[in-house]
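Per-entry structural report
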Amino acid sequence: MAATPITSPIPVAMYPTLSVFTLAIGLIITAIFFIYEATSSTKNRSLAKELATAAVASVFLGFGSLFLLLASGVYV
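Residues numbered from 1 in each chain as written. Predicted model: local features only at pLDDT ≥ 70, side-chain atom pairs only at ≥ 80, totals over all residues. Heavy atoms only, no water.

**Comments concerning the UniProt feature "transmembrane region" (unreviewed entry) in the protein chain**
What counts here: UniProt positions are given in the numbering used here, feature names are shortened, and annotations may be inferred rather than shown by experiment. Strands here are runs of E lasting at least two residues and helices are runs of H or I lasting at least four, both read from the DSSP assignment and numbered beginning at the N terminus.
UniProt annotation of "transmembrane region" (unreviewed entry) refers to residues 20–39 and 51–75 when read in the numbering used here. Secondary structure content for residues 51–75 is 84% helix and 0% strand, and the end C-alpha separation is 30 Å.

So this is what it looks like as structure tokens:
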């Protein structure tokens, strides 16, 4: 019985596009986070909003970095 190769569920041609869009979204959310931190006072800040914004930005930046590595030929 021959083994079947593992293939990506996302076409390889989409890696550069996905990296640009996910990195852009992650950087925009990061900018929103920094603006929120700089403009709100310590009494008006919400820990839940800070954690949610940081988590979403982290996910987008993580996937953007992954797709950037894959698009450049570094298969992780």
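**Examining helix α1 (residues 15–39)**
Stated formally: A helix's residues, less one, multiplied by 1.5 Å, set its expected span. Each residue gets one of three labels from its accessible area relative to the maximum for its type: buried under 20%, exposed over 50%, partly exposed in between, using a 1.4 Å probe on protein chains only. In what follows, residue pairs with any heavy atoms lying within 4.5 Å of each other are defined as contacts.
Spanning 25 residues, α1 covers 36 Å between terminal C-alpha atoms, matching the ideal 36 Å at 1.5 Å per step. Among all positions of α1, only Tyr15, Ser19, Thr22, Gly26, Ile29, Thr30, Tyr36 and Glu37 are buried. Tucked into the core, α1 has its buried residues touching α2 (47–71).

**Here's the deal with the side chain of Ser19**
As for its placement among the helices and strands, Ser19 is situated in helix α1. Residues contacting Ser19, with those up to four places away along its chain left out, are Gly64, Phe67 and Leu68.

**As for α2**
For α2, spanning 25 residues, the distance from its first C-alpha to its last is 36 Å, which sits close to the expected 36 Å at 1.5 Å a residue. Among the residues of α2, those classed as buried are Glu50, Thr53, Ala57, Gly64, Phe67 and Leu70. In the stretch just after α2, Gly73 is the one whose phi turns positive, near 100°.

**Comments concerning the packing of aromatic side chains**
To keep things clear, this is the line we draw: Centres within 6.5 Å make a pair out of two Phe, Tyr or Trp rings, where for Trp the six-membered ring is used; the pair is then stacked when the planes are under 30 degrees apart, edge-to-face when over 60, and tilted otherwise.
Per the counting criterion, the structure on display carries two aromatic pairs. For the ring pair Phe33 and Phe34, a centre distance of 5.8 Å and an interplane angle of 65° mean the geometry is edge-to-face.

**Some details on the environment of Lys49**
Note that Lys49 resides in helix α2. For the pair Lys49 and Tyr36, spaced 13 residues apart in sequence, the C-alpha separation works out to 9.7 Å.

**Considerations on a nonpolar patch on the surface**
Quick note on the threshold: To count toward a patch, a residue needs a relative accessible area over 30% and no salt bridge; like charges are then connected within 9 Å, while nonpolar side chains (Val, Leu, Ile, Met, Phe, Trp, Tyr) are connected within 5 Å. Accessible areas in this description were obtained via Shrake-Rupley with a 1.4 Å probe; residue shielding takes into account the shown protein chains only. For this analysis, a salt bridge means a side-chain nitrogen from Lys or Arg found within 4 Å of a carboxyl oxygen belonging to Asp or Glu.
Judged by side-chain polarity, Val20, Phe21 and Ile25 come together as a nonpolar surface patch covering roughly 290 Å² of accessible area. Structurally, Val20 can be placed in helix α1. Take Val20: its relative accessible area is 53%, and that puts it in the exposed class.

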